[in-house]
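# Structure assessment
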Amino acid sequence: LAKTTQPISMDSYEGQEVNITCSHNNIATNDYITWYQQFPSQGPRFIIQGYKTKVTNEVASLFIPADRKSSTLSLPRVSLSDTAVYYCPDNYGQNFVFGPGTRLSVLP
Amino acid sequence: NAGVTQTPKFQVLKTGQSMTLQCAQDMNHNSMYWYRQDPGMGLRLIYYSASEGTTDKGEVPNGYNVSRLNKREFSLRLESAAPSQTSVYFCASGDNSGNTIYFGEGSWLTVV
């Protein structure tokens, strides 16, 4: 099954901006790009979605280049509570394929 | 708003026992999913149902069966539990645009 590619882990300090990039080499024309966040002992939750260019909400920004082969999740001024695993699953014909995600550790 | 509800939250089984994990969604979604997540790992798809009356195998279907009882409910059954099925199980439903899925809170299953 097709899977997106993203870094396994990242470390950051409180107050910094964090950018996590995902490769979407098999993205289909009609597919949106969606990012999820998972805290320990909880199910993943939706944080942001986009089709192209830039999307911003109260949690994050999502940058998608014109070719849509990648996306970058940007978390401004992270805090300790942003420590989590972040996923950018491949939407393989409504069969959402999750890789291991990116484990973000925010340090004080 | 309930969203996706899974039961039970925690379960301990002996090897060879059977059990069913229940899942219900109240968002009128067509598609539903069962994933498992092992410690430190990502989510792996067990089975999914694109619509009421249909089910398809995912990445790791062996040892599991599913039933799409109606549009709201999608159950996962372990006929003869094995220690390798010790995991956290997540049910999810997908919105009708096909672009976003919503997860339940998980079911922690231990097989001894």
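So, a few notes on the structure that sits alongside this text. What you see is a predicted model; the values in this text were computed from it and never measured.

With that out of the way, let us pick up the overall build of chain B. In terms of regular secondary structure, chain B is built from 0 helices and 11 strands. Taking 2.2 N^0.38 as the reference for a compact globule, 112 residues should give roughly 13 Å; the C-alpha atoms of chain B span a radius of gyration of 13 Å, in line with that estimate. Dimensions of chain B, computed from C-alpha atoms along their principal axes, come out at roughly 40 × 25 × 25 Å. Here chain B holds 112 residues, and the buried ones make up 50% of them. A separation of at least 24 residues holds for 53% of the contacts in chain B among residues at least 6 apart in sequence. Summing over all exposed atoms, chain B offers an accessible surface of approximately 5000 Å²; the carbon and sulfur share of this is 48%. One finds the centroid of the 9 positive side-chain charges in chain B at a distance of 6 Å from the centroid of its 9 negative side-chain charges.

Frequently, the measure chosen for interface size is the accessible area that the parts lose on association. Contacts between the two partners involve 20 residues from chain B and, on the opposite side, 23 residues from chain A. The tally of links between chain B and chain A comes to 0 salt bridges. One can count 8 residue pairs in polar contact (both at pLDDT 80 or more) joining chain B with chain A. Among the secondary structure elements, those contributing two or more residues to the side of chain B that touches chain A are β4 (31-37), β5 (43-49) and β10 (101-103) of chain B. Here the element with the most residues in the side of chain B that touches chain A is β4 of chain B; it accounts for 4 residues. Tallied by class, the residues present in the side of chain B that touches chain A amount to 10 nonpolar, 8 polar and 2 charged.

With that settled, consider the sheet that holds strand β6 (residues 61-64) of chain A. Residue and element names in this part refer to chain A. An order of β2-β7-β6-β5 is seen for the 4 strands of this open sheet, with the pairing classed as antiparallel. One side of each edge strand has no neighbouring strand; the edge strands of this open sheet are β2 (18-23) and β5 (53-56). Going from strand to strand, the sheet's axes swing by 15 degrees on average, the running direction of each strand aside. Inspection of the sheet shows β5 paired to β6 by 4 bridges, in the antiparallel sense. Its bridge partner lying in β6, T53 is registered against I64.

What follows covers the environment of R36 of chain B. All names here are of chain B. If you trace the backbone, R36 turns up in strand β4. For the pair R36 and T55, spaced 19 residues apart in sequence, the C-alpha separation works out to 17 Å. Dropping the residues within four chain positions of it, R36 is found in contact with G42, L43, R44, I46, V60, Y64, S84, Q85, T86, S87, V88 and Y89. A polar contact of 2.8 Å, which involves the side chain of R36, links it to the side chain of D38. Here the side chain of R36 touches Y64 through a polar contact of 2.9 Å, side chain to side chain.

Before going further, it helps to spend a moment on the pairing of strand β9 (residues 87-94) of chain B. Residues and elements named next belong to chain B. Extensive coverage of β9 is indicated by the burial of 8 of its 8 residues. Here β4 pairs with β9 via 7 bridges, running antiparallel. From the neighbouring strand, Q37 faces β9, where its bridge partner is V88. With 3 bridges connecting them, β9 and strand β11 (residues 107-111) associate as antiparallel partners. Note on β11: the bridge partner recorded for Y89 is S107. Where β9 lies against β10, 3 bridges are found, and the strand directions are antiparallel. Along β10, the bridge assignment pairs A92 with F103. With antiparallel pairing between neighbouring strands as the criterion, β9 and β10 make up a hairpin whose turn holds 6 residues, including G98 at a positive phi of roughly 80 degrees.

Conventions we followed
- Residues numbered from 1 in each chain as written.
- Chains lettered and ligands numbered in written order.
- Predicted model: local features only at pLDDT ≥ 70, side-chain atom pairs only at ≥ 80, totals over all residues.
- Heavy atoms only, no water.
- Helix = DSSP H or I, 4+ residues; strand = E, 2+ residues; numbered from the N terminus.
- Rg over C-alpha atoms; globule rule 2.2 N^0.38 Å.
- Buried < 20%, exposed > 50% of the residue type's maximum accessible area, 1.4 Å probe, protein only.
- Contact = heavy atoms within 4.5 Å.
- Areas by Shrake-Rupley, 256 points an atom, 1.4 Å probe, with all protein chains shown as cover.
- Lys, Arg positive; Asp, Glu negative; His and termini not counted.
- Charge placed at Lys NZ, Arg CZ, Asp CG, Glu CD.
- Salt bridge = Lys/Arg side-chain N within 4 Å of Asp/Glu carboxyl O.
- Polar contact = N/O pair within 3.5 Å; in protein donor to acceptor, adjacent residues only side chain to side chain.
- Nonpolar A, V, L, I, M, F, W, Y, C, P; charged D, E, K, R; others polar.
- Pairing = 2+ DSSP bridges.
- Axes fitted to C-alpha atoms, helices over the stretch in contact; angles between N-to-C directions.

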